[in-house]
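# Structure at a glance
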Amino acid sequence: MAKPQKKKKFKVEKNETIQDCLARMKDEGYTPIRRFEVPVFKEEGGTPVVSHQEIQFEGRKME
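Since this is a predicted model, take the numbers as computed values, not measurements.

What counts and how
- Residues numbered from 1 in each chain as written.
- Predicted model: local features only at pLDDT ≥ 70, side-chain atom pairs only at ≥ 80, totals over all residues.
- Heavy atoms only, no water.
- Helix = DSSP H or I, 4+ residues; strand = E, 2+ residues; numbered from the N terminus.
- Rg over C-alpha atoms; globule rule 2.2 N^0.38 Å.
- Buried < 20%, exposed > 50% of the residue type's maximum accessible area, 1.4 Å probe, protein only.
- Contact = heavy atoms within 4.5 Å.
- Areas by Shrake-Rupley, 256 points an atom, 1.4 Å probe, with all protein chains shown as cover.
- Lys, Arg positive; Asp, Glu negative; His and termini not counted.
- Charge placed at Lys NZ, Arg CZ, Asp CG, Glu CD.
- Pairing = 2+ DSSP bridges.
- Axes fitted to C-alpha atoms, helices over the stretch in contact; angles between N-to-C directions.
- Phe/Tyr/Trp six-rings, centres within 6.5 Å; stacked < 30°, edge-to-face > 60°.
- Lys NZ or Arg CZ within 6 Å of the ring centre and 35° of its normal.
- Salt bridge = Lys/Arg side-chain N within 4 Å of Asp/Glu carboxyl O.

In terms of regular secondary structure, the chain is built from one helix and three strands. The secondary structure elements of the chain, listed N-terminal to C-terminal, are β-α-β-β. Compactness check: the chain gives a C-alpha radius of gyration of 15 Å against a globular reference of 11 Å for 63 residues, more than 25% above the reference. Seen along its three principal axes, the alpha-carbon backbone of the chain occupies a region of about 50 × 25 × 20 Å. Buried positions account for 19% of the 63 residues belonging to the chain. In the chain, of all internal contacts separated by at least 6 residues, the share reaching a separation of at least 24 is 51%. Carbon and sulfur atoms make up 51% of the accessible area of the chain, which amounts to about 5200 Å² in all. In the chain, 14 positive and 11 negative side-chain charges are present, and the distance between their average locations comes to 7 Å.

Now the structure itself:
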C-alpha cells in the first residue's frame, strides 16, 4: 500500500485566485509552507523574454 505524500506542490491555475488555490490545498488536507514565483518565458525575436510569473505553493500534509 502506497504512503500518502507528505509534501505536494500546488500551482495557481489560470482564472484562479490565490485564495482559491489555498482553499483547494486545505480541501486536500495540506497547509502552505512555501511560496514560489517561477518565471514563464516566451520567445520574441529570437530571444527569450519573461511572459509572466507562475505562482506555486508547497504544502505539507496536515496531521
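From this point, the narrative continues.
Hydrogen bonding along the main chain pairs the strands of a sheet, whether they run parallel or antiparallel. Pairing is antiparallel in the open sheet, where three strands are placed in the order β1-β3-β2. Two strands in the sheet have a free side with no partner beyond their single neighbour: β1 (7-11) and β2 (30-44). On average, each strand axis in the sheet is tilted by 30° relative to the strand beside it, whichever way the strands run. This element, helix α1 (residues 18-27), spans β1, β2 and β3 (47-61) of the sheet and lies at about 35° to β3.

Counted by the stated rule, this structure contains one aromatic pair. Taken together, a centroid distance of 5.5 Å and an interplanar angle of 65° make the contact between F10 and Y30 edge-to-face. Taken as a pair, F10 in strand β1 and Y30 in strand β2 lie far apart in primary sequence, 20 residues in all. With respect to class, F10 is no different from Y30; both count as buried. Positioned above the aromatic ring of F36, the side-chain terminus of K9 is 5.1 Å from the ring centre.

Take the pattern of salt bridges next. Under the defined criterion, the tally for this structure stands at seven salt bridges. Residue K11 is joined to E54 by a salt bridge in which the shortest nitrogen-to-oxygen separation is 3.7 Å. Within this pair, whereas K11 is found in strand β1, its partner E54 is found in strand β3, the two being separated by 43 residues in sequence. The partly exposed category is assigned to K11, whose relative accessible area is 33%. Residue R34 is joined to E58 by a salt bridge in which the shortest nitrogen-to-oxygen separation is 3.5 Å. Residue R34 is located in strand β2, and its partner E58 is located in strand β3; the two are separated by 24 residues in the primary sequence. Judged by its relative accessible area of 49%, R34 falls in the partly exposed class.

By themselves these figures say nothing about function.
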